[in-house]
Amino acid sequence: MTKPNYAGTTLNERLFAKGVLNEFDAAIGDKDRVKLIELLKAVEVDNPYGIANSLIGLGYQCWFCGGGIEPDGREALAICLSDLWAEQSDEPPTQMIYAHFDCAEMRMRGSSMALERDMLFASASET
Ligand SMILES: [Zn+2]
């Protein structure tokens, strides 16, 4: 089986050639980011995440489960990573990752520390 040559073809041409155009349109309709990115990767576009964002809006994907994170959904975290030993005088480069709180709590269990839901989501604990 030969690998398709996608050079010089549009996204729609690629999706049609792969036979996933309807699936792609359905993924946009459902705002199914995971499926959309899978299809975009399958037709070898350069920036599947950027294209998905432009098609269905800026979205956050859970680092752990891969599911979408919606503002009106489950509690979620933005986790900022940087080099602990970077020079204090510099603004170290950072990487942001996003996760459902539940997913992070389950997967980031420390040996002596735990994520603190009550501190992170103060309003949720006040009743
Ligand atoms: Zn998750």
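What comes next concerns the included structure. If you're wondering where the values come from, they're calculated on a predicted model, not measured in any experiment.

This paragraph deals with the packing of aromatic side chains. Under the counting rule described, the total for this entry stands at two aromatic pairs. Aromatic pair Tyr60 and Tyr98: ring centres 4.5 Å apart, planes at 55 degrees, arrangement tilted. Of this pair, Tyr60 sits in strand E1 (residues 60–61) while Tyr98 sits in strand E4 (residues 94–100), placing them 38 residues apart in sequence. A relative accessible area of 38% places Tyr60 in the partly exposed class. According to the relative accessible area criterion, Tyr98 is partly exposed, its value standing at 27%. Residues Phe101 and Phe121 carry aromatic rings whose centres are separated by 5.5 Å and whose planes lie at 90 degrees to one another, so their mutual orientation is edge-to-face. Here Phe121 lies in the loop between helix H6 (117–120) and helix H7 (122–125) and Phe101 lies in helix H5 (residues 101–107), a separation of 20 residues in the sequence. Just as Phe101 is buried, Phe121 falls in that class too.

What counts, and where the lines are drawn
- Residues numbered from 1 in each chain as written.
- Predicted model: local features only at pLDDT ≥ 70, side-chain atom pairs only at ≥ 80, totals over all residues.
- Heavy atoms only, no water.
- Phe/Tyr/Trp six-rings, centres within 6.5 Å; stacked < 30°, edge-to-face > 60°.
- Helix = DSSP H or I, 4+ residues; strand = E, 2+ residues; numbered from the N terminus.
- Buried < 20%, exposed > 50% of the residue type's maximum accessible area, 1.4 Å probe, protein only.

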